[in-house]
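# Structure at a glance
So you can see what is in the structure, the chains are spelled out below.
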Amino acid sequence: MKKYRATIWGWILLAGLLAQGLPAQSDTEFPPEFFKKEITARGITGNLTIEELQRLNALDFWSQVGKKNSLEKLQHDMALIYAQGFIAQIVAKPVLSANQRELWFVVTANPVISQIVFEGLQSLSASKLLDKTRLKLGQRLNYQDLAADIQDMNQKFIKEGYELSYVKQSGFDEKSKTLIYQIHETRIGRITLRGNTLHPS
């Protein structure tokens, strides 16, 4: 069975762990002196669009210019960035000089979706399921939107009379940039009614 490197459940687990205050992943060691004085600048850089950068900069960061920082603040801010759903990796990097203490979040965004595939779908057309979804071809993979889309698709199945059909799992093949929905469908075969037979009087 094909394995996918990114799944919605993996992302939810990661966001949950960070939100609980567990150590966030970073390739950089922060020297103790970084936390002894106020930070002079904070920024975000990475493979982001202008709109995505503006969205991240508008977040309510605990690491504030003019105030001392801490590991707790770093963990909060990295979890906050991850929770936006479209970030694959974050590295927090300090920049120290005689009078400067800068904090930079270097982010790697999720890839852009090149293909959307449904596995096991028979009851409805793919176009009907994708009609109102947030994630489209050419858009950045976002796990918040993915979770909402799956919920909407499951509601669509119910609305169309397929109560036993639902999205079982989703995955993303990073090599082909393909978003995969695995659909579970249950079909009812012959129904036989046994019991009394009514005869007209």
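Every chain is numbered on its own, with residues counted from 1 as its sequence reads. This being a predicted model, a pLDDT of at least 70 is required before a residue's local features are given, and a value of 80 or more before pairs of side-chain atoms are given or counted; all residues contribute to the totals for chains, interfaces and linings. Water and hydrogen atoms were dropped before computing side-chain values, which therefore reflect all heavy atoms in the structure.

## What to know about the overall build of the protein
- By definition, any uninterrupted DSSP run of H or I lasting at least four residues is a helix, any uninterrupted run of E lasting at least two residues is a strand, and each is numbered from the N terminus. Along the backbone of the protein there are five helices and six strands.
- The helix and strand sequence of the protein, counted from the amino end, reads α-β-α-α-β-β-β-α-α-β-β.
- When the 201 residues of the protein are sorted by exposure, 35% land in the buried category.
- By definition, residues are in contact when any of their heavy atoms lie within 4.5 Å. For the protein, restricting intrachain contacts to residue pairs at least 6 apart in sequence, the fraction spanning at least 24 positions comes to 64%.
- What sets the accessible areas is the Shrake-Rupley method with a 1.4 Å probe; for residues, cover comes only from the shown protein chains. Carbon together with sulfur atoms contributes 52% to the accessible area of the protein, which is approximately 12600 Å² in total. Exposed residues in this analysis have more than 50% of their type's maximum accessible area, buried residues have under 20%, and partly exposed residues fall in between, with area computed by a 1.4 Å probe over protein chains only.

## Side note on the sheet that holds strand S1 (residues 41-46)
- Here, a strand pair is defined by DSSP locating no fewer than two bridges between the strands. Overall, mixed pairing links the three strands, which are arranged S1-S3-S2 in an open sheet. Here the strands that pair on one side only, and so sit at the sheet edges, are S1 and strand S2 (87-96). The average angle at which neighbouring strand axes cross in this sheet is 20 degrees, direction not considered.
- Summarising the sheet, S2 and strand S3 (residues 101-109) pair through nine bridges and their orientation is antiparallel. Its bridge partner being in S3, Pro 94 is matched across the sheet by Leu 103.
- Every axis in this analysis is a line fitted to C-alpha atoms, fitted for helices over the stretch in contact. Angles between the N-to-C directions lie between 0 and 180 degrees. Contacting S2 and S3, helix H3 (residues 71-82) crosses the sheet at an angle of about 145 degrees to S2.

## Concerning the environment of Val 106
- With respect to the helices and strands, Val 106 occurs in strand S3.
- For Val 106, a relative accessible area of 28% gives the class partly exposed.
- Along the chain, Val 106 and Ile 90 lie 16 residues apart, while their C-alpha atoms are 5.7 Å from each other.
- Val 106 has contacts with Thr 45, Gln 89, Ile 90, Val 91 and Lys 93, leaving out every residue within four places of it along the chain.

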